[in-house]
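# Close look at the chain arrangement
Each chain, written out:
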Amino acid sequence: MKKFYGRTVEEVIKDIKENLGEDATLLLVQKVRKKGLRGFLGFKEIEITAAKEVNFEIQEKISPVSEDGIIPELPALCKIKKLLKEEEVDTDIINNVISSYIEATGGNRLKLQDLDTGILESLIKGLIKTENDSFKSGKIRSIFIGPPGAGKTTTILKLAAHYSIEESKSTAIITTDIYRSGAIEQLKVYSKMLDIPVEVAFNVRDFERIIRKFDSKDVILVDSAGRSKRDKEYVETLRKFIYTIPLQGLKVYLVVSIMDSSRYIKEVFENYKILYPNFIIVSKLDEATSFGNLINIPVLTDLPIAYVTTGQDIPGDIEVAKSNKLANFILKGNVDIK
Ligand SMILES: Nc1nc2c(ncn2[C@@H]2O[C@H](COP(=O)(O)OP(=O)(O)OP(=O)(O)O)[C@@H](O)[C@H]2O)c(=O)[nH]1
Ligand SMILES: [Mg+2]
């Protein structure tokens, strides 16, 4: 099995015939980014995966190429495509999964006909990068950033409750959200309930003072305002706040809702990436109608998911992300996940 590249399908098929002979079978045809600088500039080319040894009786020697690039006679590939499309996984990623599936089967005829769920499962798990909560020791200094309404404040309160109640760590919250009306009151009500101090930082000087004041705390969680993704000035302000926290041990969490389109999440990430987020928190899994974002988000940000949130209750409704479990949301009844 081999991949061939060229400008047009006809050109690539000619190349395949010359290399693999007239009996070659096309497994997958797709448009991919060119390698190197031209690819970076957005240039694409045709990629065809072809094999010499696969020979479906049901298939023409070289099948007509279907519109979406998948040879229709390969049921396993169609199944993968249907399943991932229903979950709203991005098209580029679906094509990559199919490509990797073909590669993993080594062109095995049976596996291209009947979906090998074990292979698919491990491919999906591999794409859902997660990072277990690795802050059992040392001081925790975390800031939560993200678009409006993503669930930053709720998540901070859930985590604060977890650290202080379940792990008996001395915990404090600082909010830098002085924009949204009611934001400070919301935090104060809960912090009173949880018996956790909360301070408001109106500017960087305030922030420095409060960070020093809470220096002995095991855990400091910093909330930020969700501003329009066009508000570059606010991201700059946040950057100054972040520089104030002693860098060692600072974790930056980007909170995004699973309900948002992956296009929107991509724009959000572009806007916030100058703050060098370390982890993603995906919120509102309980509201989700599709779970493709669990793959889309780590792939497009190249960051691991640290937590997922699953409801509005404080405390509770937050889990450390595990790729096994998250893959299960996508594959559900389709695959048995151990
Ligand atoms: N269903 C569901 N709702 C959630 C979840 N997390 C947060 N919410 C709700 O989403 C809404 C916004 O949550 P906030 O925590 O205020 O969001 P935020 O990111 O702090 O918003 P801003 O401060 O305005 O940027 C609230 O009504 C929360 O109760 C979740 O996991 N599931
Ligand atoms: Mg908030």
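For the structure, see preceding data.
Residues numbered from 1 in each chain as written. Chains lettered and ligands numbered in written order. Predicted model: local features only at pLDDT ≥ 70, side-chain atom pairs only at ≥ 80, totals over all residues. Heavy atoms only, no water.

### Digging into the overall build of the protein chain
Within the protein chain, the regular secondary structure consists of 13 helices and 11 strands. The proportion of buried residues among the 338 residues of the protein chain is 49%. In the protein chain, 73% of the contacts between residues at least 6 apart in sequence involve partners at least 24 apart. (Helix = DSSP H or I, 4+ residues; strand = E, 2+ residues; numbered from the N terminus. Buried < 20%, exposed > 50% of the residue type's maximum accessible area, 1.4 Å probe, protein only. Contact = heavy atoms within 4.5 Å.)

### Quick look at the site of ligand 1
Taken together, 19 residues lie around ligand 1, and K152, T153, T154, D286 and T309 are the ones closest in. T154 places a polar side-chain atom, nitrogen or oxygen, 2.4 Å from an oxygen atom of ligand 1. Residue G226 places a main-chain N or O atom 3.1 Å away from an oxygen atom belonging to ligand 1. (Near = heavy atom within 4 Å. Polar contact = N/O pair within 3.5 Å; in protein donor to acceptor, adjacent residues only side chain to side chain.)

### Topic: the sheet that holds strand β3 (residues 44-51)
Strand order in the open sheet made by the three strands is β1-β3-β2, with antiparallel pairing throughout. Each edge of the sheet is formed by a strand with only one pairing partner; in this case those strands are β1 (2-6) and β2 (25-33). Neighbour-to-neighbour, the strand axes of this sheet turn through a mean angle of 25°, independent of strand direction. In this sheet, β3 lies alongside β1 in antiparallel orientation, the contact comprising five bridges. Each residue of the ladder has a partner; that of K3, found in β3, is T49. Packed onto the sheet, helix α4 (residues 91-105) meets β1, β2 and β3 and runs at close to 140° relative to β2. (Pairing = 2+ DSSP bridges. Axes fitted to C-alpha atoms, helices over the stretch in contact; angles between N-to-C directions.)

### Some details on α4
At 3.6 residues per turn, the α-helix brings residues three or four places apart onto the same side. If you check α4, its first and last C-alpha atoms are 21 Å apart, about what 15 residues at 1.5 Å a residue would give, namely 21 Å. Those residues of α4 lying buried are I93, I94, N95, V97, I98, S99, Y101, I102 and T105. Of the residues one or two after α4, G106 is the one with positive phi, at around 65°. (Expected span 1.5 Å × (residues − 1).)

### Considerations on the packing of helix α3 (residues 75-86) against α4
α4 packs onto α3 with a crossing angle of 150° between their chain directions and a minimal axis gap of 10 Å. Relative to α4, α3 is oriented roughly antiparallel. Both α3 and α4 take part in a crossing whose hand is right-handed. On α4, the residues that touch A76, L77, I80, K81, L84 and K85 of α3 are I94, N95, V97, I98, Y101 and I102. When its residues are assigned to classes, the contact of α3 with α4 shows nine nonpolar, one polar and two charged. (Parallel < 35°, antiparallel > 145°, perpendicular 65-115°, else oblique. Left-handed = near helix turned anticlockwise from the far one by under 90°. Nonpolar A, V, L, I, M, F, W, Y, C, P; charged D, E, K, R; others polar.)

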